[in-house]
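# Structural overview
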Amino acid sequence: MRETVNWTTTEHFQVRHSETTPNNRISLPALVSLMQEAAWNNALDLGYSVYDLMNHGVTWVLYRMELEVFRYPGHRARLSVTTWPSAQDRLYTYRDYRLHDESRVLLAQATSAWLVLDIEKRKVVPVPSFIKEAEFPQDMDRLPWDGQKLEDLREPTLEYPIQVRWHEEDANGHVNNAHYLEWIMESLPLTFRQNHLLQKLVITFKHETHAGATLRVLAEARGGQGYLHQIVDEENKEMVRALSTFREARTE
């Protein structure tokens, strides 16, 4: 069930068993996928979905997301995701998200920047006039946006191989954003993942990845409970860069 009012969509979900980790909390990729589902439907309701843009030879691609998770709900938890286009400029359209439990406690929030991609040329183009004419609300209840460039990895200490599978692609014909988060999490030591929860993540998407590609997920420790991440292809071309911060799982 969802409601769309004044550019804002609120969609309701219940956490499925298949979306949880061994500690009975929703996984990070599943949490972000719920946000993406609400965003997809918000764009559909507003008439600016991927399907609508494809009629003009372009599509949406996510460039950057800044995510903060306050608490991870468990199996069968009832959630609501609220999302809205919060601003736009020449190249970017910004979208924000808030995730609440059924008592309206804020569980997570995110802000994101989206680019428009020419489907045939596979190149980023300025926001087309038909999107600008939509007059998205500017700075509507906008979440804080950092936007700072992430550091280069100096001495990666972890490396994890990935063979991209066909079902990891989406309607845009490239790997869905949530899979990059899955790979980043999988690249970290098992004992660390068992005892820590991701608290903050900043991730930038630099190039597309497709089925059949061979990738490497690199990580370098940053402080006591954080990592700098990079995903590169066989030619060392950078696909993704991210910065993560974790907290101990026992604190939740």
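Residues numbered from 1 in each chain as written. Predicted model: local features only at pLDDT ≥ 70, side-chain atom pairs only at ≥ 80, totals over all residues. Heavy atoms only, no water.

To continue, consider the nonpolar core. By size, the foremost hydrophobic cluster in this structure holds 59 residues, and its most contacted members are L31, M35, L67, W183, I203 and I231. Tallying contributions element by element places helix α1 (residues 28-46) first for this core, with 8 residues. Look past the residues within four positions of W183 in its chain and what remains in contact with it is Y160, I162, V164, E168, V175, L215, V217 and I231. (Core = buried A, V, L, I, M, F, W, Y, C linked by side-chain atoms within 4.5 Å. Buried < 20%, exposed > 50% of the residue type's maximum accessible area, 1.4 Å probe, protein only. Helix = DSSP H or I, 4+ residues; strand = E, 2+ residues; numbered from the N terminus. Contact = heavy atoms within 4.5 Å.)

Side chains of L44, Y51 and M54 sit close together on the surface and give an oily, nonpolar patch of about 260 Å² of accessible area. Checked against the element boundaries, Y51 lands in helix α2 (residues 50-54). Looking at Y51, the relative accessible area reads 46%, which means it is partly exposed. (Patch = residues over 30% accessible without salt bridge, like charges linked within 9 Å, V, L, I, M, F, W, Y side chains within 5 Å. Areas by Shrake-Rupley, 256 points an atom, 1.4 Å probe, with all protein chains shown as cover. Salt bridge = Lys/Arg side-chain N within 4 Å of Asp/Glu carboxyl O.)

In this structure, N24 takes a positive phi of about 60° despite not being glycine. Here N24 is to be found in the loop between β2 (8-14) and α1. Judged by its relative accessible area of 42%, N24 is partly exposed.

With that settled, consider the packing of aromatic side chains. In this structure the tally under the stated criterion is 8 aromatic pairs. Taking 6.1 Å as the distance between ring centres and 45° as the angle between the ring planes, the aromatic pair formed by Y92 and Y94 counts as tilted. When its relative accessible area of 22% is taken as the criterion, Y92 is described as partly exposed. Its end group placed over the ring of W145, R64 keeps NZ or CZ at 5.7 Å from the ring centre. (Phe/Tyr/Trp six-rings, centres within 6.5 Å; stacked < 30°, edge-to-face > 60°. Lys NZ or Arg CZ within 6 Å of the ring centre and 35° of its normal.)

Evaluated as defined, the whole model comprises 15 salt bridges. Ionic pairing is found between E151 and R154, a salt bridge with its closest N-O pair at 3.5 Å. For E151, a relative accessible area of 46% corresponds to the partly exposed category. Residue E168 is joined to R165 by a salt bridge in which the shortest nitrogen-to-oxygen separation is 3.1 Å. Residues joined by salt bridges that share partners form a network here, namely E151, R154, E220 and R222.

What follows covers helix α4 (residues 177-186). Buried residues dominate α4, accounting for 8 of its 10 residues. Turning to α4, its buried residues number three or more, namely N177, A178, H179, Y180, L181, W183, I184 and M185. With a side-chain oxygen positioned 3.0 Å from the backbone nitrogen of A178, the residue opening α4 is N176. (Polar contact = N/O pair within 3.5 Å; in protein donor to acceptor, adjacent residues only side chain to side chain.)

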